[in-house]
Amino acid sequence: MTPQLQRELAVLTAWMFFMLMLGSMFGSIAGFLFTGLLVYVIWNLYNLNKLSKWLAKPSKQSPEAIGVWDDVYYQLYNLYKRQRKSRRKLASILGRFQKSTQALPYATIILNDLNEIEWFNPAASQMFSLHTNIDIGQRIDNLIRQPKFVNYLLKNNFSEPLQLLLNQKKIILSITPYGSGQYLISARDITSRSQLDDMRRDFISNASHELRTPLTVMSGYIEFLQHRCDEITKVPLDKVQQQIERMNNIIAELIELAKLESATAVDYSVEVNTRVLLNEVYNEALSLDKNQHSIELVIEEAPDTNPAFNLHGSYEELRIAFSNLLTNAIRYTPEGGDIKLFSNVSDHGISIGVQDSGIGINYEHIPRLTERFYRVDEGRSREQGGTGLGLAIVKHVLDRHNANLHIQSSAGKGSTFRCDFPLSYLEH
Ligand code: ADP
């Protein structure tokens, strides 16, 4: 029992005792006790009424009361004050949040579980021509009607952002689910970044093409001289020819990369016969290797899967990617080592890769291998005719085919480069 209630009980007891005394003095104990109880009940009803009025419209001042009611008001008033304070705090946080999202350069839209717009910031209003008065409560797919966007929304898979062309602007848009079925759309205008990327790509492509002609002319002259010089002069000429060869390789790969970057999306309706493709890559590698390694081709098919389980996309791009992996295995495996080009099928999709017993790679280099011109040992790569662009090309081709590259390697023990084409990719 709380001390306030104890005090109230004591007051009630004293009051009833006082009425009892009056009753015995005037010879009507029951009458006075009844009157005493009635007064007590009326007093409490009066206070209850006052409380309900105050609760309906709480004022800054708590009403005057005595006894247990004073305590009740005191507790309620404190609760009310705390609530007001936290409401003010919440309102200020909300205000700050709205101010910051309004200042965000990114378009931000909040959708409810029916894809109806609940809120958007000025950047979104500008980007998607939304108007607060009309568009709040509208379904977003009635306002952004591009089929690409509508499909993205319907698919309900927001792991990858979506690129859209809207009013001649390139937009990258991502959707994040949050709360109970709500979605946060955030979109960015990447037109100028993409123009810069195009310029960079065009520059590399044009420069590479321009360099090809003088290199061919130089190579022709060197060849001419090689056939007409003495043994001493032949050595430096051979070296120059080697360097020209290297530059030609770099230029060819730069052109290949630029082509991949600017190419239109891969056509998934084209089927690529995995067996034919891997045989071509394998035979090409055999002639390049000249019997220096033991190279095998293992095409493994899961027992209950279709033997014609094929890849989809660009035969030529996939050939270049697998060929780069196999060439690397030849380059970085000492003579006599084992190399395996493999393909296996599982419930998750197709995996195609190259395993070698070569020099391997220390783990700290692995995350950077697909960067352009990243080499673990530059001298060795050069010596082996490497350009530093092979794995960047592989990564690009795999990205275009929605596949992933997994690299497993340890220094001195060999490496496995595996390309995983998930089932979702095959369903395209
Ligand atoms: P490069 O033309 O130099 O081979 P890549 O982009 O193909 O360029 O490969 C990047 C680097 O990754 C190589 O320089 C090499 O250090 C390392 N690398 C690639 N494949 C292998 C492999 N099979 N074994 C060991 N190292 C490798």
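Details of the structure are given in the entry above.
Residues numbered from 1 in each chain as written. Predicted model: local features only at pLDDT ≥ 70, side-chain atom pairs only at ≥ 80, totals over all residues. Heavy atoms only, no water.

(A) Representation of the packing of helix α1 (residues 3-26) against helix α2 (residues 29-56). The interhelical angle for the contact between α1 and α2, taken along N-to-C directions, is 145 degrees, at an axis separation of 7 Å. As for the relative orientation of α1 and α2, their crossing is right-handed in sense. Facing Glu8, Leu12, Trp15, Met16, Met19, Leu20, Leu22, Gly23, Ser24 and Phe26 of α1, the residues of α2 in contact are Ile29, Phe32, Leu33, Thr35, Gly36, Leu37, Val39, Tyr40 and Trp43. Taken together, the residues of the contact of α1 with α2 break down into 14 nonpolar, four polar and one charged. (Axes fitted to C-alpha atoms, helices over the stretch in contact; angles between N-to-C directions. Helix = DSSP H or I, 4+ residues; strand = E, 2+ residues; numbered from the N terminus. Left-handed = near helix turned anticlockwise from the far one by under 90°. Contact = heavy atoms within 4.5 Å. Nonpolar A, V, L, I, M, F, W, Y, C, P; charged D, E, K, R; others polar.)

(B) The arrangement of empty space enclosed by the protein in detail. Under the definition given, this model contains one cavity of 30 Å³ or more. Lining the largest cavity, in full, are Arg200, Arg201, Ile204, Leu254, Leu257, Ala258, Glu261 and Arg372. Those elements that place two or more of their residues in the lining of the largest cavity are α8 (191-226) and α9 (231-262). Ranked by residues supplied to the lining of the largest cavity, first place goes to α9 with four residues. (1 Å grid on protein atoms, 1.4 Å probe; cavity = no way out; pocket = protein on both sides within 12 Å on 5 of 7 lines; lining within 4 Å. Points joined across faces, edges and corners; volume = space filled by probe spheres on them.)

(C) Here's a closer look at the packing of aromatic side chains. Under the defined criterion, the tally for this structure stands at 11 aromatic pairs. Feature note: the residues Trp54, Tyr73, Tyr77 and Tyr80 constitute an aromatic cluster, connected by ring pairs. (Phe/Tyr/Trp six-rings, centres within 6.5 Å; stacked < 30°, edge-to-face > 60°.)

(D) Layout of the pairing of strand β5 (residues 182-189). Relative to β5, strand β1 (residues 107-111) is paired through five bridges, and the arrangement is antiparallel. Note that in β5 the partner of Ile110 across the bridge is Leu184. Strand direction decides the pairing type here: strand β4 (residues 169-178) and β5, joined by eight bridges, are antiparallel. What sits directly across from Leu173, in β5, is Ala187. Here β4 hands over to β5 after three residues, with Gly179 in that stretch at a positive phi of 55 degrees. (Pairing = 2+ DSSP bridges.)

Distances and angles like these do not, on their own, reveal function.
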